[in-house]
Amino acid sequence: MRIKALKKELASSNLDGYLSTNLKNVYYFTGFSSLAEAETLIPLDGDPILFIRELELENAEASSKNCIIEVVKKDETAIKKIASVVKNFKPKRLGLDDLPASTYLKLVERFRSIEFKVDMDLVWKLRIIKDDEEVRYIRKAAKLADAGMKTALAMIKAGVREYQVAAEAEYAMRVAGSEGVAFDTLVASGPRSSLPHGVCSDRKIKEGDVVFVDVGATFNGYRSDITRTTIVGKPTRQQAKVYNAVLEAQEEAVKAIRASVSAREVDEVARRVIKESGYENRFIHSLGHGVGLDVHEPPKLSPNSKDILKTGNVITTEPGVYIPHKWGIRIEDTVLVLKKNAERLTKTPREFV
Ligand code: GLY
Ligand code: MN
């Protein structure tokens, strides 16, 4: 299905084939996940070719589907191997994904008669809609993230360091079956919680701190993303007000999600609620992003997004308010876009805990 859909895109873009060096794309098209380097060449006419390194041959044979395997030996280069295949089908125009500039230059130098077109959007058109199998994997990754969040929230108390919370959350996800984290776990406490990407530090959590935890798990390559904010002790009136505004913004945004709605409109729903609370200038990032093999994928839910949501998109909704040097509050879930509504895949309770 994926190869057939790609070939349809190739035909309408006047391309004779597509060369991927992006390992997520290689996995998406072949089922083979490389720890090092691998490429796929998908001709418009003919079977996909997977180029792998000798050390990964057994893995590739066991996991790849619908493709011919070509082994790049340890004394060969991938470009040389690709050239030996390209010689047979003589493409005039080849599509490329988001490859490093150095690789692009090598390709242009080696294949002077081929016109290359860098077009990652061509693959995003496919990856942006998750099929049933992909949804199953993200659902599992979301469940694992919920397990990590439960452990993290139970651990947060005065005297515990941020990285200890992160380590226990990651351990809980790992023993429950996560392949690894979906991204670097964020645990930001006290004044550090005003940093939306505050990673985690050795800071000891103190009484009265606002603490947010942002974690994700990975299952069969697919990711999840969840954030919860808590407080050690009693919230101030201002903190309670902002928490309720962020919560309401998230609830309203999720209610607004369905197929055919513009991503910009959903962002606007959340932004309007935050504006009513008087904190619109402190909602300093977009509402959300797609999630799949990458943790940040299209579509983008932001004030200038041109994306229209479609059934099968998996996206985050993560409004946040950040008071510089004081504290920040964010609530995030991974949700599945359906025809008439959205389904939350991460399900940790959202009330102030
Ligand atoms: N989970 C981190 C982010 O979405 O930015
Ligand atoms: Mn996110």
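Scoring rules and cut-offs
Residues numbered from 1 in each chain as written. Chains lettered and ligands numbered in written order. Predicted model: local features only at pLDDT ≥ 70, side-chain atom pairs only at ≥ 80, totals over all residues. Heavy atoms only, no water. Donors = N, O, S within 2.8 Å, 3.2 Å for Na, K, Ca; no water. Helix = DSSP H or I, 4+ residues; strand = E, 2+ residues; numbered from the N terminus. Buried < 20%, exposed > 50% of the residue type's maximum accessible area, 1.4 Å probe, protein only. Polar contact = N/O pair within 3.5 Å; in protein donor to acceptor, adjacent residues only side chain to side chain. Contact = heavy atoms within 4.5 Å. Axes fitted to C-alpha atoms, helices over the stretch in contact; angles between N-to-C directions. Parallel < 35°, antiparallel > 145°, perpendicular 65-115°, else oblique. Left-handed = near helix turned anticlockwise from the far one by under 90°. Pairing = 2+ DSSP bridges. Salt bridge = Lys/Arg side-chain N within 4 Å of Asp/Glu carboxyl O.

1. Digging into the coordination of the manganese ion (ligand 2)
Within the protein, the atoms that donate to the manganese ion (ligand 2) are Asp225 (OD), His289 (NE2), Glu318 (OE) and Glu332 (OE), at distances of 2.1 to 2.3 Å. Of note, the manganese ion (ligand 2) draws all its donor residues from one chain, in the sequence arrangement D-x63-H-x28-E-x13-E. With Asp225 in the loop between β10 (222-223) and β11 (226-231) and Glu318 in the loop between β14 (314-317) and β15 (320-323), this pair connects stretches of sequence that are 93 residues apart. With relative accessibility at 3%, the residue Asp225 sits in the buried group.

2. Observations concerning the side chain of Glu297
Along the chain, Glu297 falls in strand β13 (residues 297-301). Given the relative accessible area of 6%, Glu297 is considered buried. Only 3.1 Å separates the side chain of Glu297 from the side chain of Arg127, close enough to count as a polar contact. When near neighbours in sequence (up to four residues on either side) are disregarded, Glu297 contacts Trp124, Arg127, Lys130, His289, Gly290, Val291 and Gly292.

3. Quick notes on the packing of helix α9 (residues 237-256) against helix α10 (residues 263-276)
The contact between α9 and α10 brings their axes to 8 Å, and the two run at 155°. In terms of orientation, α9 lies roughly antiparallel with respect to α10. Regarding α9 and α10, the two cross each other, and that crossing is right-handed. Mapping the contact onto sequence places Ala245, Val246, Glu248, Ala249, Glu252, Ala253 and Ala256 in α9 and Val266, Val269, Ala270, Val273 and Ile274 in α10.

4. Comments concerning the pairing of strand β8 (residues 210-215)
Of all the six residues making up β8, six are buried; the element is thus mostly covered by neighbouring parts of the structure. Burial along β8 is two-sided: Val210, Phe212 and Asp214 and Val211, Val213 and Val215, pointing in opposite directions, are all buried. Pairing geometry for strand β7 (residues 186-189) and β8, over four bridges, is antiparallel. Residue pairing in the sheet places Ser189 in a bridge with Val211 of β8.

5. Comments concerning the pattern of salt bridges
Under the counting rule described, the total for this entry stands at 27 salt bridges. Where Arg53 meets Glu37, a salt bridge forms, and the shortest distance between an N and an O atom there is 3.7 Å. With Arg53 in strand β3 (residues 49-53) and Glu37 in the loop between α2 (23-30) and β2 (39-43), this pair connects stretches of sequence that are 16 residues apart. With relative accessibility at 11%, the residue Arg53 sits in the buried group. Here Glu37 falls in the partly exposed class, since its relative accessible area comes to 48%. In this structure, the salt-bridge partner of Arg127 is Glu297, at a minimum N-O distance of 3.1 Å. Taken together, the residues Arg127 in helix α6 (residues 121-127) and Glu297 in strand β13 connect sequence positions 170 residues apart. This pair shows no difference in class: Arg127 is buried, exactly as Glu297 is. Through salt bridges with shared partners, one network takes in Lys24, Arg127, Lys130, Asp294 and Glu297.

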